[in-house]
Amino acid sequence: MKSAEVMVSGSLEIIRRAMSRADGWIVAVSGGKDSTCVLDLVRRVDPSVRTVTSIQEWCLPETSEYLARIPGLIRVASGSDHGTGWAPNWKGAGDVPTGVQWIGVKGSVESSYGQDSVGGVFLGTRIDESAARKMLHRVRGLLFFSAKNNTWQCSPIAHWSVRDVWGYIRDRGLDYNKAYDRMSEIGVQLSAQRIGPLAIDKVLGLGQLAILKRGWPELFNRYAAEHPEARSYV
Amino acid sequence: MFDPLRITAYLQCGVESDWTLPIDAILYYQAMRKKFGAQDVTVSGGYATKKSLKAAMPLRIVNQGLDTWFYSASFAQWELGRVEGSDHWNKRFDQTLVDLVDFSGRRGRVVVEQGQYRAYHMPIFYRHAVSVSWYVVGDGDAVSELLRFVDCIGKKSSQGWGAVLRWNVETCPGDWSVRGDGGKLMRALPADDSRQYTSRLIYTGFRPSYWHRKNQTMCEMPNE
């Protein structure tokens, strides 16, 4: 068996174990490559699993297009400013588009989405993304119960590298967010290609907005017109 | 007397900027510096003068009297042999010097996640070519005078990016500042509400300061 096959079968096994621990699992989808990969892995085990995304007021057009292509995706929204202090998301329940569930100002998919019916959340987090994630999975493993969120959490691809993720997407012929093609086109390294809210405080120092300005100049202009602080990070 | 001009910068190294790199922004900056004069006094954390100054530019103004006025100056015309690349600049507090920090006698930690010592690993995107040109309609002598003091263009010039070896300002047989050969668009052109456009309009700046919201609107843009 090839190492990639071992890795995939290991992840599938973790997903099976997770599902045997609790009912009502969901897959948290951001629109990025990691959640694309996790979604496919989970659906190989249970095609009926629910998928949830937290939509953003500001996001890349390719992300919106990609999320629209995922069947049965449940959309929720929060007012989280992702630690920036200057880039609030939706202001309140009345502000979000029709059909989107409001989960509170500081809500997250893991903590707030229909708590009664969610037994666990599959996430696409990986240890090579940050020291904090490395520490979390080293201490708590890939499957653990989060007392804070009162749900199980499972990161089946925590030990995968960015190349493993792209290898899986290619081998399985999965649809993916085309924003990655644009990032490759402008010369952003694979490890620095991120999808998510346009401004997250923890990654502003890694050039998140500089990449936006280079790859999506018009979107950046609109965003900076609304949030002038954005120009401090390019 | 305004003439059609071709301005060429001969580059020593890559330029860190948007591909548009408008020459009117470069000239505007120099004109403002000239207007402000020598900086003979500084104020800690502020500006020595709060006067709002306007600098006369040696360029023809298009749409004079309208909100959408702009200078008759093209975006940068890069040579075909240009290259593009990306690099990074980094900022990280040197932890070996932590004993020099005054924590006022208490235990402390230098926070690199936020604040003054926040660590950065920021990408920069650059272009390089032997030369880059612009087309303007303006006063050649005045333009040359302003460009005398421009020894670098784009961002991160303090780190050596965008060094200019020399400038050349010459008269041009035709006005290519707004529309070039074959009607090719040479700069952002504010959209005319009464016109139907086949190409997609872009929200962008159309006059200096290009980053400022008041100078941005829906524009027809040339291809990169």
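Let us look at the structure shown here. Just so you know, these numbers come straight off a predicted model, no measurement behind them.

Cut-offs used in this document
Residues numbered from 1 in each chain as written. Chains lettered and ligands numbered in written order. Predicted model: local features only at pLDDT ≥ 70, side-chain atom pairs only at ≥ 80, totals over all residues. Heavy atoms only, no water. Pairing = 2+ DSSP bridges. Helix = DSSP H or I, 4+ residues; strand = E, 2+ residues; numbered from the N terminus. Contact = heavy atoms within 4.5 Å. Axes fitted to C-alpha atoms, helices over the stretch in contact; angles between N-to-C directions. Buried area = accessible area lost by both parts, 1.4 Å probe. Salt bridge = Lys/Arg side-chain N within 4 Å of Asp/Glu carboxyl O. Polar contact = N/O pair within 3.5 Å; in protein donor to acceptor, adjacent residues only side chain to side chain. Nonpolar A, V, L, I, M, F, W, Y, C, P; charged D, E, K, R; others polar. Core = buried A, V, L, I, M, F, W, Y, C linked by side-chain atoms within 4.5 Å. Buried < 20%, exposed > 50% of the residue type's maximum accessible area, 1.4 Å probe, protein only. Left-handed = near helix turned anticlockwise from the far one by under 90°.

Section: the sheet that holds strand 7 (residues 151–154) of chain A
Residue and element names in this part refer to chain A.
- Here we have seven strands laid out as an open sheet, ordered 4-3-2-1-5-7-6, and mixed in their pairing. Of all the strands in the sheet, just strand 4 (101–102) and strand 6 (143–146) have a single pairing partner and so form its edges.
- Inspection of the sheet shows strand 5 (residues 120–122) paired to strand 7 by three bridges, in the parallel sense. Bridging across to strand 7, Phe-122 finds its partner in Cys-154.
- The sheet strands contacting helix 2 (residues 33–45) are strand 1 (25–28), strand 2 (50–54) and strand 5, and the helix crosses strand 1 at an angle near 155°.

Some remarks on the interface of chain B and chain A
- In this complex, chain B contributes 23 residues to the contact, which on the side of chain A involves 22 residues.
- Buried surface at the junction of chain B and chain A, both sides included, amounts to about 1800 Å², of which 46% is carbon and sulfur.
- Looking only at chain B, the three residues that lose the most surface to chain A are Arg118(B), Phe125(B) and Tyr203(B), adding up to 32% of its buried area.
- Put simply, Asp201(A) and Arg118(B) hold a salt bridge, and the shortest N to O gap is 3.2 Å.
- The tally of links from chain B across to chain A stands at 12 residue pairs in polar contact (both at pLDDT 80 or more).
- For the side of chain B that touches chain A, the elements supplying multiple residues, two or more each, are strand 6 (83–91), strand 7 (120–128), strand 11 (202–205) and strand 12 (216–220) of chain B.
- Ranked by residue count, the leading element in the side of chain B that touches chain A is strand 7 of chain B, at five residues.
- In terms of residue class, the side of chain B that touches chain A is made up of 10 nonpolar, six polar and seven charged.

Some thoughts on the environment of Lys50(B)
- Looking at where Lys50(B) falls in the secondary structure, it is placed in the loop between helix 1 (23–36) and strand 3 (61–62).
- Along the backbone, Lys50(B) and Leu165(B) are 115 residues apart, and their C-alpha atoms lie at a distance of 34 Å.

Topic: the nonpolar core
- Core analysis: the biggest nonpolar cluster contains 59 residues, and Trp25(A), Trp86(A), Phe122(A), Leu209(A) and Tyr223(A) have the highest contact counts within it.
- Among the elements that make up this core, the one with the highest residue count is helix 1 (residues 3–21) of chain A (six residues).
- Sequence-distant contacts of Phe122(A), defined by excluding residues within four places in its chain, comprise Ile15(A), Ala18(A), Met19(A), Trp25(A), Ile26(A), Val27(A), Ala28(A), Val38(A), Val42(A), Cys154(A) and Pro156(A).
- Counting 29 residues, the second-largest nonpolar core is a separate cluster that includes Ile26(B), Ala55(B), Leu146(B) and Ile153(B).

Here's the deal with the packing of helix 1 of chain A against helix 2 of chain A
Residue and element names in this part refer to chain A.
- Where helix 1 contacts helix 2, the two axes come as close as 9 Å, and the packing angle between them is 65°. Pair helix 1 / helix 2 crosses with right-handed handedness. Counting all contacts with helix 1, which are made through Val-8, Ser-11, Leu-12, Ile-15, Arg-16 and Met-19, the residues of helix 2 involved are Leu-41, Val-42, Arg-44 and Val-45.
- Considering only residue class, the contact of helix 1 with helix 2 consists of seven nonpolar, one polar and two charged.

Points about unusual backbone geometry
- Here the amide bond leading from Pro208(B) into Ser209(B) is cis, since omega sits at -5°, within 30 degrees of zero.
- As for its placement among the helices and strands, Ser209(B) is situated in the loop between strand 11 and strand 12.
- A positive phi angle, near 55°, is found at His82(A), a position not held by glycine.
- Following the sequence through the fold, His82(A) ends up in the loop between strand 3 (73–77) and strand 4.
- Notably, Asn63(B) is not glycine yet its phi reads approximately 60°, a positive angle.
- With respect to the helices, strands and loops of the structure, Asn63(B) is situated in the loop between strand 3 and strand 4 (70–71).
- For Asn63(B), a relative accessible area of 29% corresponds to the partly exposed category.

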